[in-house]
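Architecture at a glance
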Amino acid sequence: LKESFNNPERKLVADVGFGTGESLVFMASEFPEINFVGIEVYPSGIGTTINSAEQKKVTNLKIIESDVLDLLQTKLVDDVFDSMVFLFPDPWPKRKHHKRRLLSEDFLNLLYKKVVLGGTVYCKTDWEDYYLQIKKSFSSVKGWGFQDLDDLPEHIKFLPKTKYERKALEERREARQLLFRKI
């Protein structure tokens, strides 16, 4: 994956489930010294993101149309990402669907293999119970350290509000953030 960029030695950040790509294109345009990859399953969001990236003449961005679980399990080498971003992952709010939530202990064990030592995973959600589940899952999986939000990487500090964050604010749900480092 790194070799597909003009400057493969640069840090690589993945935005998983980037939706319409507002945050992804913002990061790539504001931080040209970092390589970004967006991973998404929905073609409509991918098209919107590609158009936006082309308008801003972004050259440090690649898009992968894939289910992230399949991609990480079968197509990528270990120790590839310096940072992974999960903005408002599907909360599957009904209790019977909680098992479908992406950020589970099994998934975090897989992420551990794909993130470099010292790399970070950043999550933002507006569902209180999902926030607590993510926090619990990370603390249950060996090798992840909880990081203070004062240590946010620069490319994450000033992200624009996503469609889901704006919706959460309208519905008076608080967006909560979590940052973890591979130790």
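Remember, predicted model here, so these are calculated numbers, not experimental data. (Residues numbered from 1 in each chain as written. Predicted model: local features only at pLDDT ≥ 70, side-chain atom pairs only at ≥ 80, totals over all residues. Heavy atoms only, no water.)

Turning next to the overall build of the chain. A tally of helices and strands in the chain yields seven helices and seven strands. Secondary structure elements in the chain, listed N-terminal to C-terminal, are β-α-β-α-β-α-β-α-β-α-β-α-α-β. Over its C-alpha atoms, taken along the principal directions, the chain stretches across nearly 40 × 35 × 30 Å. Within the span of the chain, comprising 183 residues, buried residues form 46% of the whole. Residue pairs in contact within the chain that sit at least 24 positions apart in sequence constitute 81% of those at least 6 positions apart. Surface accessibility of the chain: about 9,900 Å² in total, with carbon and sulfur atoms responsible for 50%. (Helix = DSSP H or I, 4+ residues; strand = E, 2+ residues; numbered from the N terminus. Buried < 20%, exposed > 50% of the residue type's maximum accessible area, 1.4 Å probe, protein only. Contact = heavy atoms within 4.5 Å. Areas by Shrake-Rupley, 256 points an atom, 1.4 Å probe, with all protein chains shown as cover.)

In any sheet, the strands associate via hydrogen bonds between backbone groups, in a parallel or an antiparallel arrangement. Strand order in the open sheet formed by seven strands is S3-S2-S1-S4-S5-S7-S6, and the pairing between neighbours is mixed. Where the open sheet ends on each side, the last strands, each with one partner, are strand S3 (61-65) and strand S6 (144-146). Within the sheet, the average angular offset between the axes of one strand and its neighbour, ignoring direction, is 20°. Against the sheet, helix H4 (residues 105-114) contacts strand S4 (81-87), strand S5 (115-125), S6 and strand S7 (176-182), and its axis sits at roughly 135° relative to S5. Contacts between helix H5 (residues 128-140) and the sheet are confined to S5, S6 and S7, with S7 contributing the most and set at about 15° to the helix. (Pairing = 2+ DSSP bridges. Axes fitted to C-alpha atoms, helices over the stretch in contact; angles between N-to-C directions.)

What follows covers the nonpolar core. If you look at the biggest cluster of nonpolar residues, it comprises 31 residues, and the most contacted ones within it are Phe-81, Met-84, Phe-86, Leu-111, Val-121 and Trp-144. Contributing elements (two or more residues each) for this core: strand S1 (12-16), strand S2 (35-40), helix H3 (68-74), S4, H4, S5, H5 and S7. With sequence-adjacent residues up to four places away left out, Trp-144 is seen in contact with Leu-108, Leu-111, Tyr-112, Val-115, Gly-119, Val-121, Phe-138, Phe-180, Arg-181, Lys-182 and Ile-183. If you look at the next biggest cluster of nonpolar residues, it comprises 21 residues, including Leu-24, Ile-34, Val-85 and Ile-156. (Core = buried A, V, L, I, M, F, W, Y, C linked by side-chain atoms within 4.5 Å.)

The full count for this structure, using the stated rule, is five aromatic pairs. Seen from their ring centres, Phe-138 and Phe-180 are 3.7 Å apart, and the 5° between their planes marks the pair as stacked. Residue Phe-138 is found in helix H5, and its partner Phe-180 is found in strand S7; the two are separated by 42 residues along the sequence. For the pair Phe-138 and Phe-180, one class covers both residues: buried. Consider the rings of Phe-146 and Phe-180, whose centres lie 5.6 Å apart with planes at 70°: the pair is edge-to-face. Placement of Phe-146 in strand S6 and of Phe-180 in strand S7 is noted, with a sequence separation of 34 residues between them. Overall, Phe-180 belongs to the buried group, its relative accessible area being 3%. Counting every residue linked through ring pairs, the aromatic cluster contains Tyr-112, Phe-138, Trp-144, Phe-146 and Phe-180. Cation over ring: Lys-135 sits above Phe-146, and NZ or CZ is 5.7 Å from the ring centre. (Phe/Tyr/Trp six-rings, centres within 6.5 Å; stacked < 30°, edge-to-face > 60°. Lys NZ or Arg CZ within 6 Å of the ring centre and 35° of its normal.)

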